[in-house]
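Structure assessment
The primary structure of each chain is shown beneath.
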Amino acid sequence: AQSVAQPEDQVNVAEGNPLTVKCTYSVSGNPYLFWYVQYPNRGLQFLLKYITGDNLVKGSYGFEAEFNKSQTSFHLKKPSALVSDSALYFCAVRDLPSGSARQLTFGSGTQLTVLP
Amino acid sequence: AAGVIQSPRHLIKEKRETATLKCYPIPRHDTVYWYQQGPGQDPQFLISFYEKMQSDKGSIPDRFSAQQFSDYHSELNMSSLELGDSALYFCASSSGLAGGDATDTQYFGPGTRLTVL
């Protein structure tokens, strides 16, 4: 069974500082990893995904994520945080076992607060 | 760009009533997913459809059913509503390849907030 862990419920960072939101995963096959962001009373917005290839994935709004197979991690990063980045961030995973399971399994979410 | 449309955005029902949630996927997307997000929780997969056929089933109660229609829109039907069904219900769509390509990105709608009183 696939699973995702986001060890931090809350991350606070000062505006202009780099930010990292952590995610580790567990899958039986090849991991397909995603990051979504959720603003209050809004839907989930796709940020980026890792399928294969370069371990550093660049996504929307200046976000990037680094896939590390040996550490089974997919941490979300941004070099310089903005107050508008404050939101709930979800890491999600999908693997491709012998069946057709294409649903996403989400982590518990990390609330990012960027302080002005 | 067109996004996933969900209706209604808010719904208030009494216990034991029924509810129908609708989802209109992004044009040319053939796969629809339904997720339930309880208060302070992560989204949980309920069910999905590919080319109008159920493709995967998650933690969907027997009181719930869903289908995908010929125009690819989907409806989630919920009967005998319980207080615990109060949640945000998301629909997502993707453009899957035949056989179930796991790499297609799911794009989410704004959700329907269901409140059961």
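This section reports on the structure supplied with the text. Since this is a predicted model, take the numbers as computed values, not measurements.

Right, let's get into the state of the cysteines. Residues and elements named next belong to chain B. Under the definition given, this model contains two disulfides over all chains. Here C23 is linked by a disulfide to C91, with a sulfur-sulfur distance of 1.7 Å. Across the S-S bond of C23 and C91 the torsion is about -55 degrees, and the bridge reads as left-handed. Taken as a pair, C23 in strand 3 (residues 19–24) and C91 in strand 9 (residues 87–94) lie far apart in primary sequence, 68 residues in all. For the pair formed by C23 and C91, the shared burial category is buried.

Before going further, it helps to spend a moment on the interface of chain B and chain A. With 27 residues of chain B in contact, the opposing surface of chain A contributes 22 residues. With both sides pooled, the region where chain B packs onto chain A buries about 1900 Å², and carbon together with sulfur makes up 51% of that total. Where chain B touches chain A, the interface holds four residue pairs in polar contact (both at pLDDT 80 or more). Counting residues per element, the ones that place at least two in the side of chain B that touches chain A are strand 4 (31–37), strand 5 (44–50), strand 6 (53–57), strand 9 and strand 10 (107–108) of chain B. For the side of chain B that touches chain A, the element with the highest residue contribution is strand 4 of chain B, accounting for four residues. For the side of chain B that touches chain A, the per-class residue count stands at 11 nonpolar, 10 polar and six charged.

Once that is clear, we can look at the environment of A:L33. Residue and element names in this part refer to chain A. With respect to the secondary-structure elements, L33 resides in strand 5 (residues 32–38). Taking the C-alpha atoms as reference, L33 lies 13 Å from D54; in sequence the two are 21 residues apart. Filtering out sequence-adjacent residues up to four positions away, L33 remains in contact with Y25, L48, K49, Y50, F67, F74, A92 and V93.

Attention now moves to the side chain of B:S93. Residue and element names in this part refer to chain B. Mapped onto the secondary structure, S93 falls in strand 9. Exposure remark for S93: the relative accessible area of 0% places this residue in the buried category. In terms of polar contacts, S93 uses its side chain to reach the side chain of H29, at 2.8 Å. The residues touching S93, leaving out its near neighbours within four places in the chain, are V4, P25, I26, H29, T31, V32, T105, Q106 and Y107.

Let us look at the sheet that holds strand 1 (residues 5–7) of chain B. Residues and elements named next belong to chain B. Strand order in the open sheet formed by four strands is 1-3-8-7, and the pairing between neighbours is antiparallel. Single-partner strands in this sheet number two, and they are strand 1 and strand 7 (64–68). Neighbour-to-neighbour, the strand axes of this sheet turn through a mean angle of 15 degrees, independent of strand direction. Across five bridges, the pairing between strand 7 and strand 8 (residues 74–78) is antiparallel.

Now for the nonpolar core. The biggest cluster of nonpolar side chains holds 26 residues, and the ones touching the most others in it are A:W35, A:L47, A:L48, A:F74, A:L76 and A:Y89. Mapped by element, the contributors of at least two residues to this core are strand 2 (10–14), strand 3 (19–21), strand 5, strand 6 (44–50), strand 8 (64–68), strand 9 (73–78), strand 10 (87–94) and strand 12 (110–115) of chain A. For this core, the element with the most residues is strand 10 of chain A, which contributes four residues. Within the second largest apolar cluster, 22 residues are counted, among which are B:I26, B:A66, B:A87 and B:Y89.

Attention now goes to the packing of aromatic side chains. Each aromatic ring pair is characterised by the separation of its centres together with the angle its planes make. Tallying each qualifying case throughout the model produces 15 aromatic pairs over all chains. Judged by centre distance (5.2 Å) and plane angle (80 degrees), the rings of A:Y36 and B:F108 are edge-to-face. In this pair, A:Y36 sits in strand 5 while B:F108 sits in strand 10, so the two residues belong to two different chains. Like B:F108, A:Y36 is buried. Every member of this aromatic cluster is reached through a ring pair, and the members are A:F34, A:Y36, A:F46, A:F90, A:F106, B:Y35, B:F45, B:F90, B:Y107 and B:F108.

Criteria and thresholds
- Residues numbered from 1 in each chain as written.
- Chains lettered and ligands numbered in written order.
- Predicted model: local features only at pLDDT ≥ 70, side-chain atom pairs only at ≥ 80, totals over all residues.
- Heavy atoms only, no water.
- Disulfide = S-S within 2.5 Å.
- Helix = DSSP H or I, 4+ residues; strand = E, 2+ residues; numbered from the N terminus.
- Buried < 20%, exposed > 50% of the residue type's maximum accessible area, 1.4 Å probe, protein only.
- Contact = heavy atoms within 4.5 Å.
- Buried area = accessible area lost by both parts, 1.4 Å probe.
- Polar contact = N/O pair within 3.5 Å; in protein donor to acceptor, adjacent residues only side chain to side chain.
- Nonpolar A, V, L, I, M, F, W, Y, C, P; charged D, E, K, R; others polar.
- Pairing = 2+ DSSP bridges.
- Axes fitted to C-alpha atoms, helices over the stretch in contact; angles between N-to-C directions.
- Core = buried A, V, L, I, M, F, W, Y, C linked by side-chain atoms within 4.5 Å.
- Phe/Tyr/Trp six-rings, centres within 6.5 Å; stacked < 30°, edge-to-face > 60°.

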